[in-house]
Amino acid sequence: MLLNVRDLKTYFPGRKQYLFSKPEQIKAIDGVTISIEEGETLGLVGESGSGKSTLGKAIVNLVTKTGGTVTFKDFTDEKRWSNSGKIQMIFQDPLASLNPRMTVGNAISEVLKYHRIVPKYKIMLRVKALFRMVELSPDLIFNYPHQFSGGQRQRIGIARALAVNPELIICDEVVSALDVSVQAQIINLLKRLQVDQGIAYLFISHDLAVVRQIAHRIAVLYCGRIVEIGRTDEIISSPMHPYTQALFSVASESNSGSMSMISTEVANPANPPDGCHFHPRCPIANNSGNFIEACASIDPDLNEKSGGRMVACHQI
Amino acid sequence: MKQIILLQVSGLKTHIITNGKSLPIVDDVSFDMNKGETVGLVGESGCGKSMTALSLIGLQKPAKIIGGKVIFNGTDLVSLDKKSIREYRGKKIAMIFQEPMTSLNPVMSCGKQILEAVKMQGELNGAHAKQRVIELLNLVKYPDPKMGYKSYPHELSGGMRQRVMIAMALAGKPDLLIADEPTTALDVTVQAEIVNLLKKIQQQLGMAILFITHDIGLIKQVSDKIMVMYAGQIIEEGPTEIILKSPLHPYTKALLACLPRIDEKMEILPSIPGNVPTPDNYPSGCRFHPRCSIAVEGCSVDEPEFVEVSDSRKVRCPYVHHSVA
Ligand SMILES: Nc1ncnc2c1ncn2[C@@H]1O[C@H](COP(=O)(O)OP(=O)(O)OP(=O)(O)O)[C@@H](O)[C@H]1O
Ligand SMILES: Nc1ncnc2c1ncn2[C@@H]1O[C@H](COP(=O)(O)OP(=O)(O)OP(=O)(O)O)[C@@H](O)[C@H]1O
Ligand code: SF4
Ligand code: SF4
Ligand SMILES: [Mg+2]
Ligand SMILES: [Mg+2]
């Protein structure tokens, strides 16, 4: 196993309701257990605010963990691997964090120097090789961030992540802002890099059709908790959790015409419902006036159902 | 049913004037819309969708309409002065945008903002205007209109904010609603809700909608007719179902092929080679020729015309006309 996340929690301090009351807690990630194997892609889906980005950031220590553990390979000491760069994270706009007055080639050289990946005299060669790896002309290393299109920026973000020879890249909505054609090119690139270099991905996206194209397994996050996890084709052909079912029915019907949907608004991690977080919207729990008590009071565990499929629901 | 023409855009040219250059952002765009019809405008980022929409209700510098007509209910909006166009903007023609947060005032309650929009129409005030705000909140299916009245934009989810924006846009009972990527920032489930809401309201009020999106999957559910835009020009137009099933223009075909499908996994996703050209760099002849898989020599020289190839179907490529049965 490459990555093991156990019972991970990240709580953010929220607003104070009243002047002297304790501030509420935003339970962005509330007990998540997942694992990723070498060379595997785990897709992470869920609605806005469900905690997808927070989970990714907690894994690479960009936000503080409130509880739980993250282990990478057989490193037990988290400090050792978290500084090694073996896990990288890229975002929707990877160049937003770059110095606009530094050429992209220099920006990548900095990373190589910091991690002492190659001897100094080989740095420029390595930068050019990285550009070729992401199918960009090496001539472009002298350009500045603003001179690139959206798709090129994403390639540079990937090149920068590749600089440190990562074994896992967390991709947070990396193709969401791109046009379909460019999106297809970037997905093809990520898949090719996986085949060539055995890199694993945690692929975060709200677009299920995109996740379908790249993920071996899919994890569905709802209000800070995993509600279902399983092999991509199985999750898509037979989603089990009522939330997964709703999510995928909207997505596949938008391919074919009509639409059905679950009602009401998205869940709020600052004030999640008791029991199963999904119960106010769940069609099973609220079945024809027949309200199921357990759903509103007991938090369902994520249990294995069949063939590695895990589901958190009392009624399945 | 007899179709009544609401909007006729012909030969619209909108340029952006910077650094002494005049860039053709919208270049010879023509289309019609009937009363109560929904028309989808699709195309990749930067092709000029928003600029086309803004040309209908009034542009800001450095953009300028340099040619063409926009005839709305018989009046050419291009020829109107700033003052007269105000009679249309936000009244008979209203617009909603992708990110409602940037168009809403963060320090004013949503109710007040809708109230201002109602008062701007100059018909209602006092208790009647307030009553109208509640009516509008009901119309957009706001779950608790009284609460909604008092809430502030930052307290609302994206879907609720978009409802507030729609309520404001409907204040003037518009004949045409321009929706520029109204659901792009929303979740799929919420997206479905808003799209259904717009459809319902349209049936109730009979307004026309110009629906702009880069999401071709979404367009299926909303529009009767679609127009595909590339590099400032409309390159294909026709009934939605027909275009999606049997596109004619090589660009439309390529674009549809790129769409990832949830019911099918592909080892390598098809994509269009090369990049979308920018307005300062449009290729000669057919603007799509450097990326077109069936381009012939003449394509880099001759500018293709936008030609009607069958009933209500138009395409800007002379090499595919014959494929219409
Ligand atoms: N630094 C922070 N401080 C306080 N709250 C935060 C912080 N970061 C995230 N949150 C909250 O935690 C929850 C989860 O947010 P997160 O960004 O992880 O969601 P997401 O699934 O990535 O959503 P999206 O699809 O919109 O990107 C949200 O309610 C968010 O408001
Ligand atoms: N103020 C401006 N100055 C210079 N160029 C501009 C300006 N505003 C827009 N443009 C250019 O005009 C072209 C069309 O822009 P427009 O916003 O209409 O595209 P769009 O199709 O709506 O794209 P998107 O899908 O990204 O919203 C783009 O190439 C853009 O770079
Ligand atoms: S536990 Fe109950 S509320 Fe939760 S998903 Fe299952 S049936 Fe629905
Ligand atoms: S005119 Fe030529 S280049 Fe343009 S779309 Fe038709 S075949 Fe392709
Ligand atoms: Mg996120
Ligand atoms: Mg736009």
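What comes next is a walk through the structure. Since the model is a prediction, treat every value here as computed from it, not as a measurement.

1. A closer look at the overall build of chain A
Then, number 1: In terms of regular secondary structure, chain A is built from 10 helices and 11 strands.
Then, number 2: In chain A, buried positions account for 52% of the 316 residues.
Then, number 3: In chain A, the proportion of contacts linking residues at least 24 apart, taken out of those at least 6 apart, comes to 64%.
Then, number 4: Carbon and sulfur atoms provide 49% of the accessible area of chain A, an area that totals close to 14100 Å².

2. Here's the deal with the site of ligand 1
All names here are of chain A.
Then, number 1: Taken together, Phe-12, Ile-26, Ala-28, Glu-47, Ser-48, Gly-49, Ser-50, Gly-51, Lys-52, Ser-53, Thr-54 and Pro-269 are the residues near ligand 1.
Then, number 2: The contact in question runs from an oxygen atom of ligand 1 to an N or O atom on the backbone of Gly-51, over 3.0 Å.
Then, number 3: Every element with two or more residues in the shell around ligand 1 is listed here: β2 (25-36) and α1 (52-59).
Then, number 4: Element by element, the count of residues in the shell around ligand 1 is highest for α1, at three residues.
Then, number 5: Among the residues forming the shell around ligand 1, the class breakdown is four nonpolar, six polar and two charged.

3. Some points on the site of ligand 4
Then, number 1: Looking at ligand 4, the residues that line it are His-249, Pro-250, Cys-286, His-289, Cys-292, Ile-294, Ala-295, Cys-299, Cys-317, Pro-318 and Tyr-319 of chain B.
Then, number 2: Looking at the shell around ligand 4 residue by residue, the classes come out as nine nonpolar, two polar and no charged.

4. Remarks on helix α7 (residues 158-170) of chain B
Residue and element names in this part refer to chain B.
Then, number 1: In this model α7 runs 18 Å from its N-terminal to its C-terminal C-alpha over 13 residues, within 8% of the 18 Å that 1.5 Å per residue would give.
Then, number 2: Most of α7 sits inside the fold, with 11 of its 13 residues counted as buried.
Then, number 3: Buried residues along α7 sit against β6 (93-96), α3 (100-103), α4 (110-120), α5 (126-139), β7 (176-180) and α8 (188-205).

5. A short note on the sheet that holds strand β4 (residues 63-72) of chain B
Strands belonging to one sheet form pairs held by backbone hydrogen bonds; the direction of such a pair is parallel or antiparallel.
All names here are of chain B.
Then, number 1: In space, the four strands of this open sheet follow the order β2-β1-β4-β5, with antiparallel pairing throughout. Of all strands in the sheet, those bounded by a partner on one side alone are β2 (21-34) and β5 (75-76).
Then, number 2: Pairing of strand β1 (residues 5-18) with β4, which is carried by eight bridges, proceeds in the antiparallel orientation. Each bridged residue has a counterpart across the sheet, and for Val-9 the counterpart in β4 is Val-70.
Then, number 3: On top of the sheet, helix α1 (residues 49-57) reaches β1, β2 and β4; it is set at about 110° to β1, its chief contact.

6. Here's the deal with the nonpolar core
Then, number 1: Grouped together as the largest cluster of nonpolar side chains are 66 residues, with contacts concentrated most on Phe-131, Ile-158, Leu-190 and Phe-203 of chain A.
Then, number 2: Per-element tally for this core: the top contributor is helix α6 (residues 180-197) of chain A, with seven residues.
Then, number 3: Apart from the residues within four sequence positions on either side, Leu-190 of chain A is in contact with Ile-158, Cys-171, Val-174, Tyr-201, Phe-203 and Ile-214 of chain A.
Then, number 4: Ala-117, Leu-136, Ala-179 and Leu-256 of chain B belong to the second-largest nonpolar core, a separate cluster that totals 60 residues.

7. Let's talk about the pattern of salt bridges
All names here are of chain A.
Then, number 1: The final tally for this structure, using the stated rule, is 22 salt bridges over all chains.
Then, number 2: A salt bridge links Lys-9 to Asp-7, with the shortest nitrogen-to-oxygen separation between them at 3.8 Å.
Then, number 3: Its relative accessible area of 25% is what places Lys-9 among the partly exposed residues.
Then, number 4: Among the residues examined, Asp-7 registers a relative accessible area of 40% and is labelled partly exposed.
Then, number 5: With a closest N to O distance of 2.6 Å, Glu-40 and Arg-217 form a salt bridge. Placement of the pair is Glu-40 in the loop between β2 and β3 (41-45) and Arg-217 in strand β8 (residues 217-222), with a sequence separation of 177 residues.
Then, number 6: Under the relative-accessibility criterion, Glu-40 is labelled buried at 9%.

8. Let's talk about the interface of chain A and chain B
Then, number 1: The interface of chain A with chain B comprises 35 residues on the first partner and 33 residues on the second.
Then, number 2: Buried surface at the junction of chain A and chain B, summed over both partners, amounts to about 3100 Å²; 54% is from carbon and sulfur atoms.
Then, number 3: Summed over the shared surface of chain A and chain B, the number is 10 residue pairs in polar contact (both at pLDDT 80 or more).
Then, number 4: Of all the secondary-structure elements, those providing two or more residues to the side of chain A that touches chain B are α6, α7 (208-214) and α9 (242-256) of chain A.
Then, number 5: Residue composition of the side of chain A that touches chain B, by class: 16 nonpolar, 13 polar and six charged.

Each value, and the rule that gives it
Residues numbered from 1 in each chain as written. Chains lettered and ligands numbered in written order. Predicted model: local features only at pLDDT ≥ 70, side-chain atom pairs only at ≥ 80, totals over all residues. Heavy atoms only, no water. Helix = DSSP H or I, 4+ residues; strand = E, 2+ residues; numbered from the N terminus. Buried < 20%, exposed > 50% of the residue type's maximum accessible area, 1.4 Å probe, protein only. Contact = heavy atoms within 4.5 Å. Areas by Shrake-Rupley, 256 points an atom, 1.4 Å probe, with all protein chains shown as cover. Near = heavy atom within 4 Å. Polar contact = N/O pair within 3.5 Å; in protein donor to acceptor, adjacent residues only side chain to side chain. Nonpolar A, V, L, I, M, F, W, Y, C, P; charged D, E, K, R; others polar. Expected span 1.5 Å × (residues − 1). Pairing = 2+ DSSP bridges. Axes fitted to C-alpha atoms, helices over the stretch in contact; angles between N-to-C directions. Core = buried A, V, L, I, M, F, W, Y, C linked by side-chain atoms within 4.5 Å. Salt bridge = Lys/Arg side-chain N within 4 Å of Asp/Glu carboxyl O. Buried area = accessible area lost by both parts, 1.4 Å probe.

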